[in-house]
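For reference, the chains in residue letters:
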Amino acid sequence: MRLVVSGDADVDQAELDALTSQLRQRLLELDIDDVRLGRSDGAAPEGAKPGELIAVGALAVSLAPVILRPALRLIETWMQNRPVRTVTVDIDGRILEIGHASKDQQQHLLDLYAEAVRSAADARSNDADDESTAGSQPQVAPDAQE
């Protein structure tokens, strides 16, 4: 899961970095496998030393599927009273932008998103099971001709 924190208009990069670190610490309080600073996909600026670029506001999160809903609720709660405009959640190309909607709207969106991600994971798991058992189906020999 990739998270991208977007600050309000008056939030500078240092404050956004601090907010992202706060969110990372809160996520680690859950039973989450790993939370790392996200890497930038862009090219390094001219004259920069080689290496990976850290994307300010981005986190890469490894978690078990059962932790998804608690993680999404934690993000929603964490955003309250912080200068954060949105947190974008991306799981395998399925994107949810958590913002400042009403509590009921936000809860409905979180539930729909978690269900869609779970359904997609179940479908992938079923496809993998089908592929692994396809070669183990018993073969029926044709009737012997007399």
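Residues numbered from 1 in each chain as written. Predicted model: local features only at pLDDT ≥ 70, side-chain atom pairs only at ≥ 80, totals over all residues. Heavy atoms only, no water.

So, the overall build of the protein chain
For clarity, the cut-off: Secondary structure elements follow DSSP: runs of H or I of four or more residues count as helices, runs of E of two or more count as strands, with numbering from the N terminus. Relative accessibility under 20% of the residue-type maximum defines a buried residue, over 50% an exposed one, and the middle range a partly exposed one, all with a 1.4 Å probe and only protein chains included. Here, residues are in contact when the closest pair of their heavy atoms is within 4.5 Å. Residue exposure ignores everything except the shown protein chains as possible cover, and the areas themselves are Shrake-Rupley values with a 1.4 Å probe.
Assigned secondary structure in the protein chain consists of three helices and five strands. Each helix (α) and strand (β) of the protein chain, taken in turn from the N terminus, gives the series β-α-β-β-α-β-β-α. Looking at the protein chain as a whole, 29% of its 146 residues are labelled buried. Sequence-distant contacts in the protein chain: of pairs separated by 6 or more residues, those separated by 24 or more amount to 59%. For the protein chain, the computed accessible surface area is about 9,800 Å², with 49% contributed by carbon and sulfur atoms.

Points about a negative patch on the surface
Here is the rule we go by: In this scheme, patches are assembled from residues that exceed 30% relative accessible area and form no salt bridge. Like charges are connected within 9 Å, while nonpolar side chains (Val, Leu, Ile, Met, Phe, Trp, Tyr) are connected within 5 Å. A pairing counts as a salt bridge when a side-chain nitrogen of Lys or Arg comes within 4 Å of a carboxyl oxygen of Asp or Glu. For the purpose of counting charges, residues Lys and Arg are taken to be positive, whereas Asp and Glu are taken to be negative. His and the chain ends are not included. The atoms used to mark charge sites are NZ of Lys, CZ of Arg, CG of Asp and CD of Glu.
A contiguous patch of negative charge on the surface is contributed by Asp8, Asp10, Asp12 and Glu15. Position of Asp8 among the secondary structure elements: in the loop between strand 1 (2-7) and helix 1 (13-28).

Some thoughts on the pattern of salt bridges
Inspection of every chain in the model, using the stated rule, returns eight salt bridges. Asp92 serves as the salt-bridge partner of Arg124, at 3.1 Å between the closest nitrogen and oxygen. In this pair, Arg124 sits in helix 3 (residues 103-134) while Asp92 sits in the loop between strand 4 (84-91) and strand 5 (94-98), placing the two residues 32 residues apart along the sequence. What makes Arg124 partly exposed here is its relative accessible area of 45%. When salt bridges with common partners are traced through the structure, they connect Arg69, Arg73, Asp111, Glu115, Arg118 and Asp122 into a single cluster.

Focus: helix 1
Convention followed: Take the residue count of a helix, subtract one, and multiply by 1.5 Å to get its expected span. Working definition: the arc comes from the directions between the helix axis and the C-beta atoms, pointing outward to the latter.
With 16 residues, helix 1 should reach 22 Å at 1.5 Å per residue; the first-to-last C-alpha distance of 22 Å fits that figure. Considered for burial, the residues of helix 1 that qualify are Leu16, Leu19, Thr20, Leu23 and Leu27. Buried residues of helix 1 fall within an arc of 100° about the axis and therefore sit on the same side.

Examining the packing of helix 1 against helix 2 (residues 68-79)
Basically, it comes down to this: Axis lines are fitted to C-alpha atoms, over the contacting stretch for helices. Their N-to-C directions set the angle, which ranges from 0 to 180 degrees. Angle categories are assigned with fixed cut-offs, so that under 35 degrees is roughly parallel, over 145 is roughly antiparallel, 65 to 115 is roughly perpendicular, and the rest are oblique. Crossing handedness is defined as follows: a turn of the near helix away from the far one that is anticlockwise and smaller than a right angle gives a left-handed crossing, while the clockwise case is right-handed.
Interaxial distance between helix 1 and helix 2 falls to 10 Å at its minimum, and their mutual angle equals 140°. Classified by the angle their axes make, helix 1 and helix 2 are oblique. The element helix 1 and its partner helix 2 pack so that their crossing is right-handed. Facing helix 1, whose interface residues are Leu19, Gln22, Leu23, Arg26 and Leu27, helix 2 presents Ala71, Leu74, Ile75 and Trp78.

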